[in-house]
Amino acid sequence: MKNIDETVQGAVRRLEIRARHRVEALFGGAYRSAFKGRGLEFAEVRPYQRGDDVRAIDWNVSARMDDTYVKVFEEEREQTVIVAVDVSASQAFGTGPAPKRTVATEAAALVAFSALHHQDAVGLLLFTDQIEVQRPPRNTRRHVLHSLRTLLSHTPASRQTDLRVPLRYLLHSLSHPATVLLISDFMDDGYAPLLRGAARRHDLIGVHVHDPDEATLPAGGLLPLTDAETGTTRLVDARDPAMRRAIAQAAQERQARTASTLRQAQAGYLPLPTTGDTAEALIRFFQRRIHARS
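This structure is a prediction, so every number in the text was calculated from the model and none was measured.

1. Focus: the nonpolar core
Here is step 1: Core analysis: the biggest nonpolar cluster contains 40 residues, and Val83, Val85, Phe113, Ile183 and Val207 have the highest contact counts within it.
Here is step 2: The element that contributes the greatest number of residues to this core is helix H3 (residues 100-117), accounting for eleven residues.
Here is step 3: Listed in part, the 24 residues of the second largest apolar core include Phe127, Leu167, Tyr169 and Leu204.

Right, dumping it as structure tokens:
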């Protein structure tokens, strides 16, 4: 147990060191611009002044005071960032230097430390076809380190994915709007209606972790292909050109369907291949997002 704990501690430390070097590049001074902006909280009412937005008039107070009053809001000092990570069995797939779960963990760490750097509260949600772990949002280094240790060491109770589970949580269990990074390989269907609802309530970004080799068959003859989540196995002939084309087409169609589903829900979409630089992919995505809103 001690060796396992030391390994996890070392991995968290490496994530923190790498994140520290990339945080400013990841968001820099435009961190807030990458999101929809901080929430607004009510501060006070004051008498109406010429030029005030009539939509800010507090009609109840105005009626009681027999004069026109407007609501004044101020930016919340703290934004909430929820990092929701798929830890189902398909996340263990990887043919390159890192499996999907490792890439998902690195993305989660970069975002968490970036949020912490800007004094925002970070919450963690691990899910399969059930909520595996839920850590409430806090803005302390200790909380972020503990959350990452949990992400690295957690053994899921289930192997399967149901994206409706975290989406229901986002809709019904978060009391305030948040920035949400939903990190998954999106190996699921039937979640579009809940996704639309969650994206209306929160600034939702789908981070689609995928391995390019999921679209290809290794060279060989008859090969057993096992579904990591259901455990079912089937034999395929890797020499058959039609089979190779079918598998490549199915992978391409799933990625296109995931992108389309997220965009139609007006959520952000970030494809994150296991073969690339995770930090650079995040930087490019948020720079595009900032540019699109400028």
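2. What to know about unusual backbone geometry
Here is step 1: The phi torsion at Asp66 lies on the positive side, around 55 degrees, for a residue other than glycine.
Here is step 2: Within the secondary structure layout, Asp66 lies in the loop between helix H2 (59-65) and strand S2 (69-75).
Here is step 3: For Phe186, which is not a glycine, the phi torsion comes out positive at approximately 55 degrees.
Here is step 4: With respect to the helices and strands, the residue Phe186 is situated in the loop between strand S6 (179-184) and helix H6 (192-201).
Here is step 5: Given the relative accessible area of 0%, Phe186 is considered buried.

3. Overview of the packing of H3 against helix H4 (residues 141-153)
Here is step 1: Put simply, H3 and H4 touch, their axes get as near as 11 Å, and they point 175 degrees apart. Classified by the angle between their axes, H3 and H4 sit roughly antiparallel to one another. Only Arg141, Val144, Leu145, Leu148, Leu151 and Leu152 of H4 make contact with H3, whose side of the interface consists of Arg101, Thr105, Ala108, Ala109, Ala112, Phe113 and Leu116.
Here is step 2: Of the residues belonging to the contact of H3 with H4, the class tally is ten nonpolar, one polar and two charged.

4. Examining the pattern of salt bridges
Here is step 1: Applying the stated rule across the entire model yields five salt bridges.
Here is step 2: Close ionic contact of Asp162 with Arg164 constitutes a salt bridge, the shortest N to O distance being 3.0 Å.
Here is step 3: With relative accessibility at 32%, the residue Arg164 sits in the partly exposed group.
Here is step 4: Connected via shared salt-bridge partners are Asp189, Arg254 and Arg257.

Each value, and the rule that gives it
Residues numbered from 1 in each chain as written. Predicted model: local features only at pLDDT ≥ 70, side-chain atom pairs only at ≥ 80, totals over all residues. Heavy atoms only, no water. Core = buried A, V, L, I, M, F, W, Y, C linked by side-chain atoms within 4.5 Å. Buried < 20%, exposed > 50% of the residue type's maximum accessible area, 1.4 Å probe, protein only. Helix = DSSP H or I, 4+ residues; strand = E, 2+ residues; numbered from the N terminus. Axes fitted to C-alpha atoms, helices over the stretch in contact; angles between N-to-C directions. Parallel < 35°, antiparallel > 145°, perpendicular 65-115°, else oblique. Contact = heavy atoms within 4.5 Å. Nonpolar A, V, L, I, M, F, W, Y, C, P; charged D, E, K, R; others polar. Salt bridge = Lys/Arg side-chain N within 4 Å of Asp/Glu carboxyl O.

Taken by themselves, the reported measurements are silent on function.
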